[in-house]
Amino acid sequence: MNDRHIIKGGPRDRHVYEYAVLRVVPRIERGECVNAGVLVYCRAEAYVGARTHLDETRLLALDPRADVAGVRAALRAVESLCAGGSAAGQAASDDPGRRFRWLVAPRSTIVQPGPVHTGLTTDPAAETERLLDLLVR
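The following paragraphs examine the structure supplied in this document. Quantities reported herein were computed from a predicted structural model and do not represent experimental measurements.

1. Overview of the nonpolar core
- The biggest cluster of nonpolar side chains holds 22 residues, and the ones touching the most others in it are Val24, Leu39, Leu54, Leu59, Val71 and Leu75.
- At the level of secondary structure, the elements contributing two or more residues to this core comprise β2 (14-24), β3 (34-42), β4 (47-52), α2 (68-83) and α3 (96-104).
- The element best represented in this core is α2, accounting for six residues.
- Every residue in contact with Leu54, bar those within four places of it in the chain, is listed here: Val24, Ala36, Leu59, Val68, Val71, Arg72 and Leu75.
- Counting residues in hydrophobic clusters, the runner-up holds eleven residues, among them Val38, Cys42, Tyr47 and Val136.

2. Quick word on the environment of Tyr19
- Following the sequence through the fold, Tyr19 ends up in strand β2.
- Assessed through its relative accessible area of 15%, Tyr19 is described here as buried.
- Sequence spacing of Tyr19 and Leu39 is 20 residues, and the spatial spacing of their C-alpha atoms is 5.3 Å.
- In this structure, Tyr19 is in contact with Leu39, Val40, Phe100, Pro115, Val116, His117, Thr118, Leu131 and Leu135, ignoring residues within four places of it in sequence.

3. A closer look at the side chain of Thr52
- Within the fold, Thr52 resides in strand β4.
- You can call Thr52 buried: its relative accessible area is 17%.
- Sequence-distant contacts of Thr52, that is, excluding residues within four places in its chain, are made with Leu22, Ala36, Gly37, Leu75, Glu79 and Leu132.

4. Remarks on the pairing of β3
- In terms of burial, β3 is largely enclosed, as eight of its nine residues are buried.
- Sheet topology places β3 next to β4; six bridges connect them, and they run antiparallel. Note that in β4 the partner of Tyr41 across the bridge is Val48.
- Between the antiparallel neighbours β3 and β4 lie four residues, among them Ala46 with a positive phi of about 50 degrees.

5. Points about α2
- Compared with an ideal rise of 1.5 Å per residue, which puts 16 residues at 22 Å, α2 spans 23 Å between its outermost C-alpha atoms and is within 8% of the ideal.
- Within α2 the residues assigned to the buried category are Val68, Val71, Leu75, Val78, Leu81 and Cys82. Projected down its long axis, α2 carries its buried residues within an arc of 155 degrees, all on one side. Among the exposed residues of α2, those oriented more than 90 degrees off its buried face are Ala69 and Ala83.
- Next to the buried residues of α2 lie β2, β3, β4, α1 (56-62), α3 and β5 (111-113).
- Positive phi appears at Gly84, one or two residues downstream of α2, with a value of about 75 degrees.

Cut-offs used in this document
Residues numbered from 1 in each chain as written. Predicted model: local features only at pLDDT ≥ 70, side-chain atom pairs only at ≥ 80, totals over all residues. Heavy atoms only, no water. Core = buried A, V, L, I, M, F, W, Y, C linked by side-chain atoms within 4.5 Å. Buried < 20%, exposed > 50% of the residue type's maximum accessible area, 1.4 Å probe, protein only. Helix = DSSP H or I, 4+ residues; strand = E, 2+ residues; numbered from the N terminus. Contact = heavy atoms within 4.5 Å. Pairing = 2+ DSSP bridges. Expected span 1.5 Å × (residues − 1). Arc of directions from axis to C-beta.

Encoded structure:
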């Protein structure tokens, strides 16, 4: 495969990927947030994935009245959309890039995407888990 997004020169080819952190902003007017997940997209591997982890104690420290169940449902919906299939609803037929772009579009809701960053990986799924450990847990 001759894809311009593959970087040669290692034990395996590394692919360019994009990622964004999912943040929970319980009170928009205050701007405080808790990192609660990561989104990863790798075009060369046709991969889009999300992993989430909500630290309920941190969330409730920012807003004791936060809708924890609602936040968990929103985070599950993001994971379902990335997984595709019937759980993704109308987006099931969209390609991974289109689903990623929709998920990282700015919005004024409690669960918000952060800025998109890039990196190199040989395994986008493993990178998703690594980023979750590094940036969220």
